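Spelled out, the chains give:
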Amino acid sequence: MNAIFRGDLARFDELLQQTADYSADFLRRMNELPVSMDVPAFAEAHLPEKGMGGTAALELFDNRFGAFLTASAGPRYFGFVTGGVTPAALAGDWLASAIDMNAADKSSLAFSLEKETLQLLRQLFSLPEAFEGVFVSGATMSNFTGLAAARQWLGLQQGINVAEQGTSALQNVKVLAATPHSSVVKALSMLGMGRNSLVTLPTLPGREAVDVKALEQWIADNPGTPFIYVAAAGTVNTVDFDDIAAIAALKNKHPFWLHVDAAFGGFAAVSPRFRHFLNGWELADSITIDAHKWLNVPYDCAMMFSRHSHLQLEVFQNAGAAYLGDPAQNFNFINYAPENSRRLRALPAWFTLRAYGAEGYRDVVEQNVMQAQRLGEALERSGYFRLLAPVKMCVVCFTLNTEESKLPGHLQVFLQTLVKRGVVYVTPTVYGGVPGMRAALVNWRTTDKDTEMAIRELESAAASVAGMSAILTNN
Ligand SMILES: *Cc1c(COP(=O)(O)O)cnc(C)c1O
């Protein structure tokens, strides 16, 4: 064994302790750390001929990058849809790396642990047992996996086995949606169905949810044409939900595959107050739910639930590899999802579900929604802002209350100011043609105090934008 490996093996405990201490120090400072920062470009790195050992690498990491660690998992990072990491999820994640089981290896505990975790998740979301789940790296891959099964189904409607014959054999691929997430469109490209296969249906007035009448009309205009419908269950700007029950009811008259993108909106199912947003999702063919968002496990983790795992098997099986066994006889997750070798991604989810239970997640969801509502009300009251949409769940979509011609300029300065100050982070967006921003609250750490701090910070940043205060006084 190389001498430096030997040294690290002898001091393994010490390195783990140092890393735990370093992590604990970071986590203790989570509330004070800036949530965002302009990170400089670093000098070019050179691979050393002779290594320095783990402890020195940790020191080098701290010297080189320590000052730039930001609290993107912290309580006032409202960008994108970003969860934090619960204590138990972190413990599970560390263990997953320490154990380093390949979840593809059925001779290990990994398989049973994944199965058990998927059972717990199905119960968390009250999904029927007919749904089989798989773990993937994120909602993008989950949408990809669900749409791959949908593509297989679409082919079979035309007498084509796409997994064998390829997408070129497919004709007239139509994927309908009203407000699909960009990752759905990306998946269409990756799956060879093409971005142009997307038919964008109109939404209800002032909403991001589909106008179901338009879907009915499309069906009437295209009698008997099998298609894929991707339902939005929580859009990123306004957390709007398609009327999934009404859409699912159309399946009785017309063949289509219903995929539900519930990346974070799926967590409406954990609270009786919001469950109705998902009415009918139990009739879907496939469902996407992210774990690294509202479940608050570390990146990267998501699930895809489907009623048609046999179609996944047709797409993803490792055929003809003797050492993997017959995919049809010997169930293994590697034949149902894109990846083969995989980390034990289920373990952080298992830990956090066992540690906090259904009640814990109900509380996180209900508190985050209440905080988002309070944030929305306060922003509108302040006079500096106006809401671009009512606050439906955990996202506040808003903009500066300046005159239209000055809005893009003011918004840019405002967002730059926020990043520099690092107290609260939001992401820019455009909603209904109006430039604005969105704050997504899906972190277990966020308290009412954080929400109040965020309100003060947003008002104070708005007041500092040149011209804003003048406009307010003129009003
Ligand atoms: C976040 C999100 C995705 C993509 O998820 P990743 O985890 O970033 O791959 C897809 N759909 C919706 C609705 C999302 O919010």
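Below: a short report on this structure. Just so you know, these numbers come straight off a predicted model, no measurement behind them.

1. Quick word on helix α6 (residues 139–157)
Then, number 1: Compared with the 27 Å implied by 1.5 Å per residue over 19 residues, the 27 Å span of α6 between its first and last C-alpha is a close match.
Then, number 2: Counting buried positions over the 19 residues of α6 gives 15, a clear majority of the element.
Then, number 3: Directly after α6, the chain includes Gly159, whose backbone phi takes a positive value near 75°.

2. Description of the pairing of strand β1 (residues 132–136)
Then, number 1: Counted residue by residue, β1 has 4 buried out of 5 residues, so it is predominantly covered.
Then, number 2: Bridging between β1 and strand β7 (residues 302–306) involves 5 bridges; their strand directions are antiparallel. Paired with Phe135 across the two strands is Met303, which belongs to β7.

3. Comments concerning the packing of aromatic side chains
What describes a pair of aromatic rings is the distance from one ring centre to the other and the angle between the planes of the rings.
Then, number 1: In the structure shown here, the tally under the stated rule is 21 aromatic pairs.
Then, number 2: Arranged with centres 6.2 Å apart and planes meeting at 50°, the rings of Phe267 and Trp294 form a pair that is tilted. Here Phe267 is found in the loop between β5 (256–261) and β6 (286–290), whereas its partner Trp294 is found in the loop between β6 and β7, with 27 residues between them in sequence.
Then, number 3: Residue Phe267 is classed as buried on the basis of its relative accessible area, which comes to 0%.
Then, number 4: Ring geometry for Phe385 versus Phe414: centroids 5.8 Å apart, planes at 70°, classification edge-to-face. Taken together, the residues Phe385 in strand β8 (residues 385–387) and Phe414 in helix α13 (residues 407–421) connect sequence positions 29 residues apart. Assigned by exposure class, Phe385 and Phe414 land together as buried.
Then, number 5: The ring of Phe111 carries Lys106 above its face, with NZ or CZ at 4.3 Å from the centroid.

Parameters and conventions
- Residues numbered from 1 in each chain as written.
- Predicted model: local features only at pLDDT ≥ 70, side-chain atom pairs only at ≥ 80, totals over all residues.
- Heavy atoms only, no water.
- Helix = DSSP H or I, 4+ residues; strand = E, 2+ residues; numbered from the N terminus.
- Expected span 1.5 Å × (residues − 1).
- Buried < 20%, exposed > 50% of the residue type's maximum accessible area, 1.4 Å probe, protein only.
- Pairing = 2+ DSSP bridges.
- Phe/Tyr/Trp six-rings, centres within 6.5 Å; stacked < 30°, edge-to-face > 60°.
- Lys NZ or Arg CZ within 6 Å of the ring centre and 35° of its normal.

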